[in-house]
Number of protein chains: 2
Amino acid sequence: MSAELLPSWRTGPTRDAIVAFLDDAERLPVEQRLAVFDNDGTLWCERPAYVQYTFFVHALRRAVQREPVLADRDEFAAVLDDDTVAISELGLARVATALIGLFNGQTPEAFTAAAREFLATSRHPTLERPTSETRYLPMLELIDELRRRDFTVAVVSGGGTEFVRALSRQLYGVPPELVVGTLIDHRVDRDDLGRIVVRRTNVIAGPVNEAQAKVRAIQSCLGRRPILAAGNSAGDREMLEWAMSGDDPGLALLVDHDDAAREFRYQSVSGTVEESEPITDIGSRLGWTTVSMQRDWAEVFGDRSAEPA
Amino acid sequence: MSAELLPSWRTGPTRDAIVAFLDDAERLPVEQRLAVFDNDGTLWCERPAYVQYTFFVHALRRAVQREPVLADRDEFAAVLDDDTVAISELGLARVATALIGLFNGQTPEAFTAAAREFLATSRHPTLERPTSETRYLPMLELIDELRRRDFTVAVVSGGGTEFVRALSRQLYGVPPELVVGTLIDHRVDRDDLGRIVVRRTNVIAGPVNEAQAKVRAIQSCLGRRPILAAGNSAGDREMLEWAMSGDDPGLALLVDHDDAAREFRYQSVSGTVEESEPITDIGSRLGWTTVSMQRDWAEVFGDRSAEPA
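The model shown is predicted, which means the values in this text are computed figures rather than measured ones. (Residues numbered from 1 in each chain as written. Chains lettered and ligands numbered in written order. Predicted model: local features only at pLDDT ≥ 70, side-chain atom pairs only at ≥ 80, totals over all residues. Heavy atoms only, no water.)

Participant: For this particular structure, what's the right way to read the pattern of salt bridges?
Facilitator: Once their charged atoms are close, side chains differing in charge can pair, the charge on each being opposite to the other. Residues and elements named next belong to chain A. This structure, assessed with the given rule, holds 48 salt bridges over all chains. For the salt bridge of Glu-145 with Arg-148, the shortest nitrogen-to-oxygen distance reads 2.9 Å. Residue Glu-145 and its partner Arg-148 are located together in helix H7 (residues 137-148), separated by three residues, close to a single helical turn. Judged by relative accessible area, which is 7%, Glu-145 ranks as buried. Measuring nitrogen to oxygen at the nearest pair gives 2.8 Å for the salt bridge that ties Arg-149 to Glu-145. Side by side, Arg-149 and Glu-145 carry an identical accessibility label, which is buried. Counted as one network, the salt bridges with shared partners bring together Asp-23, Glu-26, Glu-145, Arg-148 and Arg-149. (Salt bridge = Lys/Arg side-chain N within 4 Å of Asp/Glu carboxyl O. Helix = DSSP H or I, 4+ residues; strand = E, 2+ residues; numbered from the N terminus. Buried < 20%, exposed > 50% of the residue type's maximum accessible area, 1.4 Å probe, protein only.)

So this is what it looks like as structure tokens:
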């Protein structure tokens, strides 16, 4: 049976640590079996750009087709020219706010439909596959195995809550209430018939969902401490530490992107967290389980569908 | 088969409307099948006092045993004397803040354990049964039937998120991520070993979860519009309207407490929402389905256990 378990994971200490944790966790009550996964760089590819950023650029191009004057706005000109110097001079926060503003006033349903349409047609620029198939097969297998063992599996992302929710069921079998990300505020309106309508604003509700904020958001939204957390950057540090903070079994998985041949080789850094030490060094020091894509994964990508939640 | 469906609901227009909705909803995609239930007065008894308030008073009495000087504080003296005039003069918000402060610095796990211990021993003052058995049997049957039809069932309460979460699995089979209430902020600490610890504060994060806030919280936490909403007071109005705002099937259920013999007879009002019109009148005007406890429920309370989610 153990041979069938996690078939895309190569035998070795990493797989052994995961299997030992899965077996250990069976003695815990089901209500403690919460596993949280960062999204970008942990469940799917985040290079050369976050998928959500590519979606925003796509939406911007469409908006400019309808309304060409938008292209003259500084933030949008920088994005359309892919001018990283100009973006950095304007400041990422200002550029992000401008992009978020493209969806101001939209209903969540319209936003969700746009994100899904994008995913249905988008291809990765270098990996020669649809963006939807840049999911990591070994992580999908782990999610499936956790569910078989009565774990609740949640995605805890620095990315936009609604963007990830639009895709999470198709990509990972995760329903919207189990996605915790950076949240846009909504306003409650009425339409011409007096019916309630919810609309997006361009204001972020609360902090960007990184670092300590991930811990608070898990407590607020999911209501309990995870015993498995997986991530790849400093934005995931506190969440991974928290999963290891109990006296009961806990597992902190750190994905190391060390596979230039099949994916990318880079030192993961967070977009919004200042880092004084590489996250892989922190992980070694704190006793996390580092997942080497090159060494631990027999396959990286998989075309199988996620099981519906 | 229809005879076995919802056995505690008497035949008549209310039960017919519910069964028609359940059948209608089968043509909708599963991801649209979200049902939200208010808690106090909708899923269980809220008279003579909210259960959470009784829990707070219980916690206050224990705190005073340990630290008698607490009883001298104005807010606590008013609560301990059950002095409604003094409470009203101090203001409910100030009294509530004082009570919330009793748990300041506690871990969510300690708070959860205290709430569960309370529920395990608490009895209703007049109904001659444990507080945990003041759940409404017809609503439990409806929840079970919704789950059988692949609905996601959530509790959307004006009460404290953590208090309801502590009990929701036992009472209704609802896991913590499907409870949306009024949220206390948490802070992220480290213990003496440097491990991450989450602690309650005495600050409410965001608005009290009533009226429009319920709509925004459902969108933020659950990520989609419900097609069934059940409530009993003006604090549920917008949520019920929202469930009815689509072109697809929607059901708004309003529980009317008109059964002095088996429960209580009263006009439901919200603790925090100003009301210019009785909620039952609003419901009639907007085409909601009013549930008369006296007329529509063959039994009110049930001792059967909720099915685990």
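Participant: Got a minute to help me understand the interface of chain A and chain B in this structure?
Facilitator: Many descriptions give the size of an interface as the accessible area lost when the pieces come together. At the interface, 36 residues of chain A touch 36 residues of chain B. Summing both sides of the interface, chain A and chain B together bury roughly 3,200 Å²; the carbon and sulfur share of this comes to 47%. Taken together, the connections running from chain A to chain B amount to 12 salt bridges. One salt bridge connects Asp-185 of chain A with Arg-216 of chain B, and the closest N-O pair in it is separated by 2.7 Å. Scanning the region where chain A abuts chain B turns up 21 residue pairs in polar contact (both at pLDDT 80 or more). Looking at the side of chain A that touches chain B, the elements with two or more residues in it are helix H6 (108-121), helix H8 (161-172), strand E3 (179-190), strand E4 (196-205), helix H9 (212-222) and helix H10 (237-243) of chain A. The class makeup of the residues in the side of chain A that touches chain B is 11 nonpolar, nine polar and 16 charged. (Contact = heavy atoms within 4.5 Å. Buried area = accessible area lost by both parts, 1.4 Å probe. Polar contact = N/O pair within 3.5 Å; in protein donor to acceptor, adjacent residues only side chain to side chain. Nonpolar A, V, L, I, M, F, W, Y, C, P; charged D, E, K, R; others polar.)

Participant: What exactly am I supposed to notice about the pairing of strand E7 (residues 289-292) of chain A here?
Facilitator: Regular strands place side chains that alternate from one sheet face to the opposite one. All names here are of chain A. Here four bridges tie strand E6 (residues 251-256) to E7, and the two strands are oriented parallel to one another. Bridge assignment links Leu-253 to a residue of E7, and that residue is Thr-289. Taken together, E6, helix H11 (residues 279-286) and E7 constitute a β-α-β crossover, and its handedness is right-handed. (Pairing = 2+ DSSP bridges. Right-handed = clockwise from strand over helix to strand, strands pointing away.)

Participant: Just checking my understanding: could you explain helix H1 (residues 13-25) of chain B for this structure?
Facilitator: Helical geometry: 3.6 residues make up each α-helical turn, so side chains three or four residues apart lie on a common side. Spanning 13 residues, H1 of chain B covers 18 Å between terminal C-alpha atoms, matching the ideal 18 Å at 1.5 Å per step. On its buried side, H1 of chain B packs onto helix H7 (137-148), strand E5 (228-231), strand E6 (251-256), strand E7 (289-292) and helix H12 (293-296) of chain B. (Expected span 1.5 Å × (residues − 1).)

Participant: In this structure, what is going on with the relation of the copies chain A and chain B? I would like to understand it.
Facilitator: Think of it as a corkscrew move, a rotation about one axis and a shift along it, taking one chain copy to the other. Placing chain A over chain B gives an RMSD of 0.0 Å and needs a rotation angle of 180 degrees, together with 0.0 Å of translation along the axis. Overall, the copies show the geometry of a two-fold rotation axis. By residue overlap, the copies meet face to face through one surface: 100% of the interface positions of chain A are interface positions in chain B. (Least-squares fit on C-alpha atoms with pLDDT ≥ 70 in both.)

Participant: What exactly am I supposed to notice about the nonpolar core here?
Facilitator: Within soluble globular proteins, side chains that are nonpolar generally end up buried alongside one another. Core analysis: the largest hydrophobic core is formed by 93 residues, its most contacted members being Val-36, Phe-37, Met-139, Leu-146, Tyr-172 and Trp-297 of chain A. Of all hydrophobic cores here, the second largest spans 90 residues; its members include Val-64, Leu-171, Val-180 and Val-215 of chain B. (Core = buried A, V, L, I, M, F, W, Y, C linked by side-chain atoms within 4.5 Å.)

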